[in-house]
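Chain and residue survey
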Amino acid sequence: IRRAAAWRLCTELVRRHPHLRLFEEHAGGGLYDELVIRDPTGSNLNIRCNIEGNIHVFTDRDVQLYAWMDYVTADPSQFVKRVEAAAGLAAPATMPASIPSVIVYRVLAELMTRNVFKVTDLSLEHGFLDSSDDCGPRTYLFAAFPGTNPAGGLSQLASIFRSPIVSRCDALRISMCG
């Protein structure tokens, strides 16, 4: 449930602020399993949705901590606005048009949400492992995409989606186990 909630929350924040980027990270040598939102413009904004922990909002001036129960028991749109305010992000006057990466995130969030309480387990894996003790492309994930070069920068997928995740030589493996 937390993983689906993390995808929902992060997707909505990136949807409202398409300049932000969403990453999967495993800090502490894989100790943490997080979806992380960063601002590529250089600010210290860092929203970390730790799947087994809490939601952390780091800025230049502050750190806000939210429990997952705070999110799942709140009105989702109001909670997004609370996180937005904690992060110092102005609420958009109108919803920005969805860019390709946001559309991909929205589809993945919907898949994760629909999988809650199912017999089969849905797993999403980014093609780039970001961990404090091991980083690099997970080349086995690229086998299904002939012509991609995970070690060489942009893949064919990057030219299609122009996604910051894909442009970091990432692919996403979606697997169903049951």
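Right above here is the structure, for reference.
Residues numbered from 1 in each chain as written. Predicted model: local features only at pLDDT ≥ 70, side-chain atom pairs only at ≥ 80, totals over all residues. Heavy atoms only, no water.

**Description of helix α1 (residues 2-16)**
Between the first and last C-alpha of α1 there are 21 Å, a value that for 15 residues agrees with the 21 Å anticipated at 1.5 Å per step. Those residues of α1 not exposed but buried are Ala4, Ala5, Ala6, Trp7, Leu9, Cys10, Thr11, Leu13, Val14 and Arg16. (Helix = DSSP H or I, 4+ residues; strand = E, 2+ residues; numbered from the N terminus. Expected span 1.5 Å × (residues − 1). Buried < 20%, exposed > 50% of the residue type's maximum accessible area, 1.4 Å probe, protein only.)

**Overview of the pattern of salt bridges**
With the rule as written, the count across this model stands at 9 salt bridges. With its nearest N and O atoms 3.3 Å apart, the salt bridge here joins Glu12 to Arg15. Pair noted here: Glu12 and Arg15 are both in helix α1, with a separation of 3 residues, about one helical turn. The class for Arg15 is partly exposed, based on a relative accessible area of 21%. (Salt bridge = Lys/Arg side-chain N within 4 Å of Asp/Glu carboxyl O.)

**With respect to the packing of aromatic side chains**
Counted by the stated rule, this structure contains 3 aromatic pairs. Between Tyr66 and Phe79, the ring centres sit 5.3 Å apart and the planes meet at 75°, which makes this aromatic pair edge-to-face. One end of the pair, Tyr66, is in strand β5 (residues 63-66); the other, Phe79, is in helix α4 (residues 76-86), and 13 residues separate them in sequence. For the pair Tyr66 and Phe79, one class covers both residues: buried. (Phe/Tyr/Trp six-rings, centres within 6.5 Å; stacked < 30°, edge-to-face > 60°.)

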